[in-house]
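Residues per chain, in single letters:
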Amino acid sequence: MVFKEIQTEDIFQCKKCGDCCRGYGGTCVTEKDIITIADYVNTKPDSFVADYCQMSGKKPVLAQGKNRYCVFWDGLCMIHPVKPYMCRTWPFINSLLVDINNWYIMAQFCPGMRTDISPRLLEKYIQRELSDDLTKRR
Ligand code: SF4
Ligand code: SF4
């Protein structure tokens, strides 16, 4: 298979299982995320941080409910059109450029990631993808 022919869907298709929306790890929200999501849920950025976030050090991350899921998980992502950058870009993250084997480790926790692709091919594809605007892809 020629890597130029590979599409995102060929190596990753979200199964909407919600596994990545549960457990502490902290879904970081950027300033832009805060403004966009606050507008989507009809509140002000300050109120959004107070009501929907918790602090990880000095940085806000999305809060979790008692079930340990993100407060915006309700069988599906309730803010999907404006979900944080971190959620939009998963699993194409920069640490893959450091070590492509991170893909296979991440895939243990994400059933949407294919693992039957060689590291060499995967690396070429991911290098290409990360040089694009990730936010436009999903
Ligand atoms: S763990 Fe993977 S397949 Fe499941 S919802 Fe998250 S991104 Fe989608
Ligand atoms: S914002 Fe949506 S995709 Fe991101 S962790 Fe919360 S429920 Fe999951």
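Draft legend 1. Highlighting the site of ligand 2. In the vicinity of ligand 2, the residues found are C21, T27, L62, C70, F72, W73, C77, I79, K83, P84 and C87. Looking at the shell around ligand 2, its residues break down into nine nonpolar, one polar and one charged.

Draft legend 2. Just the site of ligand 1, in detail. Taken together, the residues surrounding ligand 1 are C14, K15, K16, C17, G18, D19, C20, W90, C110, P111 and G112. For the shell around ligand 1, the per-class residue count stands at six nonpolar, two polar and three charged.

Draft legend 3. Quick look at unusual backbone geometry. With an omega of 5°, the peptide bond between W90 and P91 qualifies as cis. The phi dihedral of K16 falls on the positive side, at around 55°, and the residue is not glycine. By the element assignment, K16 lies in the loop between α1 (8-11) and α2 (31-40). We classify K16 as partly exposed; it has 13 C-beta atoms within 10 Å.

Analysis parameters
Residues numbered from 1 in each chain as written. Chains lettered and ligands numbered in written order. Predicted model: local features only at pLDDT ≥ 70, side-chain atom pairs only at ≥ 80, totals over all residues. Near = placed C-beta within 6 Å. Nonpolar A, V, L, I, M, F, W, Y, C, P; charged D, E, K, R; others polar. Helix = DSSP H or I, 4+ residues; strand = E, 2+ residues; numbered from the N terminus. Buried ≥ 20, exposed ≤ 12 C-beta atoms within 10 Å, placed from the backbone.

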